[in-house]
Every structure is written in C-alpha cells, then in structure tokens.
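Observations on the model geometry
Now for the letters of each chain:
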Amino acid sequence: MKIYKMSMLVVIALLFASCDFEQKKKAELPEVDMDVKVEEGQLPTFDVDWADVNVGTKPKL
C-alpha cells in the first residue's frame, strides 16, 4: 500500500511538472452593501498548456 501511494504521488508530480499554468484573471470577492445590495464576484481563470505526448510503435526487425 505504501508503494502504491508513493507511485501515485510521483505520477501526480509528473503531471503538474509537464504542463504550464498561466493565470488570466484574478479572483474577486463579491461586494456587499449594507442596504442588501450584492454585486457578483468572479472566479479566477487559468490557461493550461498540457505537454504534447506522441506515442507510437516501431516494427522490430
């Protein structure tokens, strides 16, 4: 079980290391006025470029 957990951590670390994160918008909390007027907030947006992986086979001669 310990080997399984360690291998999963390695796989997750490799996934995060193989992509590029760039934050496009910052998070914003909603604005609340004391007269019960609420303006919406916004969630952050990210542009994620995953690594290109080419998998193929070669005939063995």
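1. Side note on the overall build of the chain
- Helix and strand content of the chain: one helix and four strands.
- Beginning at the N terminus, the succession of helices and strands in the chain can be written as α-β-β-β-β.
- Relative to its length of 61 residues, the chain is extended, with a C-alpha radius of gyration of 22 Å against a globular reference of 10 Å.
- For the chain, the C-alpha atoms occupy an extent of roughly 80 × 30 × 15 Å along the three principal directions.
- Counting across all 61 residues of the chain, residues that qualify as buried make up 2%.
- In the chain, the proportion of contacts linking residues at least 24 apart, taken out of those at least 6 apart, comes to 37%.

2. Considerations on a negative patch on the surface
- Taken together, Glu-28, Glu-31, Glu-39 and Glu-40 make up a surface patch of like negative charges.
- Structurally, Glu-28 can be placed in the loop between β1 (20-25) and β2 (31-33).
- Take Glu-28: its relative accessible area is 45%, and that puts it in the partly exposed class.

3. Regarding the environment of Val-36
- Checked against the element boundaries, Val-36 lands in the loop between β2 and β3 (37-39).
- Once the C-alpha coordinates of Val-36 and Ala-13 are considered, the two residues, 23 residues apart in sequence, prove to be 45 Å apart.

4. Things to note about the environment of Gly-56
- Within the secondary structure layout, Gly-56 lies in the segment after β4 (45-49).
- Between the alpha carbons of Gly-56 and Lys-2 there is a distance of 32 Å; along the sequence they are 54 residues apart.

5. Thoughts on the environment of Gln-42
- Following the sequence through the fold, Gln-42 ends up in the loop between β3 and β4.
- The spacing of Gln-42 and Val-53 is 11 residues in sequence and 33 Å in space, taken between C-alpha atoms.
- Not counting residues up to four positions away in its chain, the partners in contact with Gln-42 are Lys-25, Lys-26, Ala-27 and Glu-28.

6. Overview of a nonpolar patch on the surface
- A grouping of Met-1, Tyr-4 and Met-8 is seen on the molecular surface, where their side chains present a nonpolar patch of about 380 Å² in accessible area.
- Its relative accessible area of 73% is what places Met-1 among the exposed residues.

Cut-offs used in this document
- Residues numbered from 1 in each chain as written.
- Predicted model: local features only at pLDDT ≥ 70, side-chain atom pairs only at ≥ 80, totals over all residues.
- Heavy atoms only, no water.
- Helix = DSSP H or I, 4+ residues; strand = E, 2+ residues; numbered from the N terminus.
- Rg over C-alpha atoms; globule rule 2.2 N^0.38 Å.
- Buried < 20%, exposed > 50% of the residue type's maximum accessible area, 1.4 Å probe, protein only.
- Contact = heavy atoms within 4.5 Å.
- Patch = residues over 30% accessible without salt bridge, like charges linked within 9 Å, V, L, I, M, F, W, Y side chains within 5 Å.
- Areas by Shrake-Rupley, 256 points an atom, 1.4 Å probe, with all protein chains shown as cover.
- Salt bridge = Lys/Arg side-chain N within 4 Å of Asp/Glu carboxyl O.
- Lys, Arg positive; Asp, Glu negative; His and termini not counted.
- Charge placed at Lys NZ, Arg CZ, Asp CG, Glu CD.

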